[in-house]
Amino acid sequence: MLSNFKVVLVETSHPGNIGAVARAMKNMGMNQLRLVTPKYFPHADATARASGADDVLKIASIHDSLSEAIADCQIVLGASARDRTISWPSVTARECAEKWVDVAGGANIALVFGRENSGLKNHELDLCQYLLRIPCNAEYSSLNLAAAVQVVCYELFVASGRQYASSIGDRGEESLATAEQMEGFYLHLQQTMADIGFLQPERSKSIMRRLRRVFNRAWLDTKELDILRGILRFSQNHNLK
Ligand code: SAH
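To start, this report covers the structure provided alongside it. It should be emphasised that the depicted structure is a prediction, and the values quoted were computed from it without experimental measurement. (Residues numbered from 1 in each chain as written. Predicted model: local features only at pLDDT ≥ 70, side-chain atom pairs only at ≥ 80, totals over all residues. Heavy atoms only, no water.)

A word on the pairing of strand S4 (residues 75–79)
So, step 1. Counting buried positions along S4 gives 5 out of 5 residues, so the element sits mostly inside the fold.
So, step 2. Side chains Ile75, Leu77 and Ala79 project from S4 onto one buried face, and the interleaved Val76 and Gly78 project onto a second face that is buried too.
So, step 3. Bridge count for S4 against strand S6 (residues 109–113) is 4 bridges, and the pairing is parallel. Its bridge partner lying in S6, isoleucine 75 is registered against isoleucine 109.
So, step 4. The pairing of S4 with strand S7 (residues 130–133) spans 3 bridges and is parallel. (Buried < 20%, exposed > 50% of the residue type's maximum accessible area, 1.4 Å probe, protein only. Helix = DSSP H or I, 4+ residues; strand = E, 2+ residues; numbered from the N terminus. Pairing = 2+ DSSP bridges.)

Some points on the site of the ligand
So, step 1. What surrounds the ligand is a group of 20 residues, the closest being Ala79, Gly114, Ile134, Ser141 and Leu143.
So, step 2. A distance of 2.9 Å separates a nitrogen atom of the ligand from a polar backbone atom of serine 141.
So, step 3. A distance of 2.9 Å is found between a nitrogen atom of the ligand and a backbone nitrogen or oxygen belonging to leucine 143.
So, step 4. Considering the ligand on its own, with 540 Å² of exposed area, one finds that the protein chains cover 92% of that surface.
So, step 5. Elements with a minimum of two residues in the shell around the ligand: S7 and helix H7 (145–159).
So, step 6. Partitioned by chemical class, the residues of the shell around the ligand number 9 nonpolar, 7 polar and 4 charged. (Near = heavy atom within 4 Å. Polar contact = N/O pair within 3.5 Å; in protein donor to acceptor, adjacent residues only side chain to side chain. Areas by Shrake-Rupley, 256 points an atom, 1.4 Å probe, with all protein chains shown as cover. Nonpolar A, V, L, I, M, F, W, Y, C, P; charged D, E, K, R; others polar.)

Here it is, written out as structure tokens:
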């Protein structure tokens, strides 16, 4: 759930944006939302734009100040579209995800987003250790608040590997094949390829190594492995006829 990442919105003017942020977060498996003195909240526009992510809105916390909202966070990043005269160390959304998604000890990480019309003030950025940037068109660099949250949450989602797990329909129901099962499969594959006359003994080593690489990339589960072994058995039987 990436629950150690807290999305913090500072003085949001349009409640619809708060709803859109909740939706963007839930799409990426996140639900920890903190609001610093929102202009209107709760609000029907927020619920409407959340479009099914109102559970995220329901558990959102409201704070009187940014310092209160980030009090329990070990790492604080302030998202900004603007070049600042004072320079803070900065990271891109991708660097942030790669750097902190597996942070040891599950430290709380605040991702602070500014006001729609004026962003974050310098004294607020003083509370942040890093500036968080979404690389984009230098001539037109200010994203809509919810779009900015979406990009950052997406990078976290990808970095956490969750997109892989959910991209395969029934992943999770079957356990991944063990090394022993994979070795059994490779032996079977090699034997079958020899039986059908595909594999010359002198080339078998390099071909098997390449095939291992292919299957290593696939992270087969036991059901998928059974299907592949079924195909191998079928072609062996067919070849014997
Ligand atoms: N007009 C404001 C920007 C408002 S956009 C300004 O001048 O700063 C609302 C918020 O979305 C910003 O405060 C920032 O937190 C985030 N945001 C928008 N575009 C961004 C970008 N390119 N990189 C990082 N954060 C961005």
